[in-house]
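# A look at the structure
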Amino acid sequence: KNKQGHWEKDARFTSNGLFSELTWSASDQDKLITGARIDHHEVTNYVRANEPTRSATLPAGFMRFEHNLTDLPVMWYAGLGHTERFPDYWELFSPTFGPVGSTSAFEGVKSEKTTQLDIGAQYNGKQLNSWVSAYLGRVNDFILFKYDPNNLRISQADNIDATIMGGEMGAGYAFNDNWKADASLAYAWGENTRNHRPLPQIPPLEARLGLTFETGDWSSTALWRLVSSQHRVAINEGNVVGKDFADSAGFGVLSANVAYKVTKQVKVSAGIDNLLNKAYSEHLNLAGNSGFGYSANTSLNEPGRTLWAKLNVTF
């Protein structure tokens, strides 16, 4: 809005894309999936008359090979992909400054270019199912926000190169027709390769343990979420919605719920989140976001013990 409270147009975004996908079943056990995409982006700038338009045509593509073992219910895969992302509205218009040597973020911020390798495997047995996946990627021209420590509304958008990697694994086991358990573990890692320091806004190691009981129309679940501390931080750096301002502590949260199917269309459920009334905060909690009036340098605690109820009706 302008000073008189009227809406004014500051930008117009248009995009057109074309994509295709091809799957080749080489045999009963082997499958090759390939895809390609091309997108044309154009943005009109009504704020800066000397920078009226910006456009780009960006490619993307991937290739994934899947193999099913003949003697075990196991499928493994490996994939390689490349994609280019056009900066969004906030990355072009919200920063106070663009990269060094540019007149503004609109003029200077480049598109992100990611090349990534993915591998993984899945096991699907009668009682046990499990999976594991990992990725390793190179991001050229990663869009990084640098914030003024004294004034969060002053920021600079810059392009850096980054290396990212991580993995997930999980399993579920059915003890019998009533009891089931599941567990998962996830980890992410990122580095700013320009100056060999951590990437900001990277979630910490997290584990989830669940136990479910089902009988007839009744079901109940207990979930224990365990999150590690995060010490790989980049102070006063981040993205458009948040920044790193401190290390974060680990925590564990226990929750439980119960549900009853009244009919095929109606289900009633209730639960307690944060059963032990733990005081904790997420590492990625928008605490660095000034757009909503949040404090820029103080973590925001999540809710304490919370009771809830829900009615689901499908028709």
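Residues numbered from 1 in each chain as written. Predicted model: local features only at pLDDT ≥ 70, side-chain atom pairs only at ≥ 80, totals over all residues. Heavy atoms only, no water.

## Here's the deal with the overall build of the protein
Helices and strands together make up the secondary structure of the protein, namely two helices and 16 strands. For the protein, the spread of C-alpha atoms along the three principal axes comes to 70 × 55 × 45 Å. Going through the 315 residues of the protein one by one, you find that 32% of them count as buried. Looking at the protein alone, contacts between residues at least 24 apart form 58% of all its contacts between residues at least 6 apart. Carbon and sulfur atoms make up 57% of the accessible area of the protein, which totals about 18900 Å². Side-chain charges in the protein split into 29 positive and 33 negative, and the spacing between the mean points of these groups amounts to 5 Å. (Helix = DSSP H or I, 4+ residues; strand = E, 2+ residues; numbered from the N terminus. Buried < 20%, exposed > 50% of the residue type's maximum accessible area, 1.4 Å probe, protein only. Contact = heavy atoms within 4.5 Å. Areas by Shrake-Rupley, 256 points an atom, 1.4 Å probe, with all protein chains shown as cover. Lys, Arg positive; Asp, Glu negative; His and termini not counted. Charge placed at Lys NZ, Arg CZ, Asp CG, Glu CD.)

## Here we look at the environment of Pro59
Relative to the assigned elements, Pro59 resides in strand β3 (residues 53-68). By relative accessible area, which is 39% here, Pro59 ends up partly exposed. Here Pro59 is in contact with Arg37, Ile38, His82, Thr83 and Glu84, once residues within four sequence places are set aside.

## Details of the side chain of Ser104
On the secondary structure map, Ser104 appears in the loop between α1 (89-93) and α2 (105-108). Judged by relative accessible area, which is 8%, Ser104 ranks as buried.

## Quick notes on the pairing of strand β11 (residues 218-227)
Bridge count for strand β10 (residues 206-215) against β11 is ten bridges, and the pairing is antiparallel. If you follow Phe213 over to β11, its bridge partner there is Ser220. Counting the residues in the hairpin turn of β10 and β11 gives two residues, including Gly216, whose phi is positive at 60°. Across ten bridges, β11 lies against strand β14 (residues 251-261) in antiparallel orientation. Looking at β14, one finds that Ser219 is bridged to Ala259. (Pairing = 2+ DSSP bridges.)

## Remarks on the environment of Ile119
If you trace the backbone, Ile119 turns up in strand β5 (residues 112-124). On the basis of relative accessible area, Ile119 is assigned to the partly exposed category, the value being 43%. Distance from Ile119 to Ser55, taken between C-alpha atoms, is 34 Å for residues 64 residues apart in sequence.

## Some remarks on the nonpolar core
Of all hydrophobic cores here, the largest spans nine residues; its members are Val139, Phe142, Leu144, Ile160, Ala162, Ile164, Ala188, Leu199 and Ile202. At the level of secondary structure, the elements contributing two or more residues to this core comprise β6 (128-148) and β7 (151-174). Excluding anything up to four places from it in sequence, Phe142 contacts Glu112, Asp158, Asn159, Ile160, Ala162 and Leu199. (Core = buried A, V, L, I, M, F, W, Y, C linked by side-chain atoms within 4.5 Å.)

## Things to note about unusual backbone geometry
One non-glycine residue, Asp141, adopts positive backbone phi at about 60°. In this structure, His196 is a non-glycine residue whose phi angle is positive, near 55°. Looking at the element boundaries, His196 is found in the loop between β8 (179-192) and β9 (197-198). For His196, a relative accessible area of 61% gives the class exposed.

## Topic: the packing of aromatic side chains
Overall, the coordinates contain ten aromatic pairs when judged by the stated rule. Ring centres of Tyr89 and Trp90 lie 5.0 Å apart, and the angle between their planes is 85°; this geometry places the pair in the edge-to-face category. With a centroid separation of 5.4 Å and 50° between ring planes, the pair formed by Phe93 and Phe106 is classed as tilted. Here Phe106 lies in helix α2 and Phe93 lies in helix α1, a separation of 13 residues in the sequence. For Arg64, the ring lying beneath its charged end belongs to Tyr77, and the centroid distance is 4.0 Å. (Phe/Tyr/Trp six-rings, centres within 6.5 Å; stacked < 30°, edge-to-face > 60°. Lys NZ or Arg CZ within 6 Å of the ring centre and 35° of its normal.)

## Regarding the environment of Glu42
The topology assignment puts Glu42 in strand β2 (residues 30-45). For the pair Glu42 and Ala56, spaced 14 residues apart in the sequence, the C-alpha separation amounts to 6.6 Å. The contact partners of Glu42, leaving out residues within four places of it in the chain, are Arg12, Phe13, Thr14, Arg54 and Ser55.

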